[in-house]
Amino acid sequence: MPICQCRASGLVWRGRPDHKNDRNRSMPAAALAPLTRLPYGWVSLQQGVTAEELAALGGPLQLGDSFGDLQDAAEAIAALDSSSRSTLPWPI
């Protein structure tokens, strides 16, 4: 089932903060804000999102916190038209 009647694209911007290379693989959510001006249905696949992060991105549909396991995440990603991510949507 499609997530929206438009082209849907997923966003993930950070991973595990204590990862030895986190500074090279994570970014502030606000760094993706220019993308959200494009005509897509933006979906956050990020887990543990703050209200400030969602606001910086213009309030995308938040799915990341609803994932119970990797299968849930895979199904959400498969329903998208594209995704942009710096890491997986949960800390590893």
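Residues numbered from 1 in each chain as written. Predicted model: local features only at pLDDT ≥ 70, side-chain atom pairs only at ≥ 80, totals over all residues. Heavy atoms only, no water.

Some words on the confidence of the model for the chain
And then number 1: When pLDDT is averaged along the chain, the result is 83; 83% of the residues meet or exceed 70.
And then number 2: With pLDDT under 50 throughout, residues 86–92 is counted as low confidence; its partners more than four residues away or in other chains account for 24 contacts. (pLDDT = per-residue confidence, 0-100. Contact = heavy atoms within 4.5 Å.)

Points about the nonpolar core
And then number 1: Grouped together as the largest cluster of nonpolar side chains are 9 residues: A8, V12, V43, L45, L63, F67, A73, A76 and L80.
And then number 2: Sorting the residues of this core by element identifies β1 (8–12) and α3 (70–78) as the ones contributing at least two each.
And then number 3: Core analysis: the next-biggest nonpolar cluster, separate from the first, contains 7 residues, L11, A29, L32 and V49 among them. (Core = buried A, V, L, I, M, F, W, Y, C linked by side-chain atoms within 4.5 Å. Buried < 20%, exposed > 50% of the residue type's maximum accessible area, 1.4 Å probe, protein only. Helix = DSSP H or I, 4+ residues; strand = E, 2+ residues; numbered from the N terminus.)

Comments concerning the pairing of β1
And then number 1: Counted residue by residue, β1 has 5 buried out of 5 residues, so it is predominantly covered.
And then number 2: Residue alternation in β1 divides its side chains into two sets, A8, G10 and V12 and S9 and L11, and both sets are buried.
And then number 3: Alignment of β1 against strand β2 (residues 41–44), held across 4 bridges, turns out to be parallel. Following the sheet pairing, L11 is matched in β2 by S44. (Pairing = 2+ DSSP bridges.)

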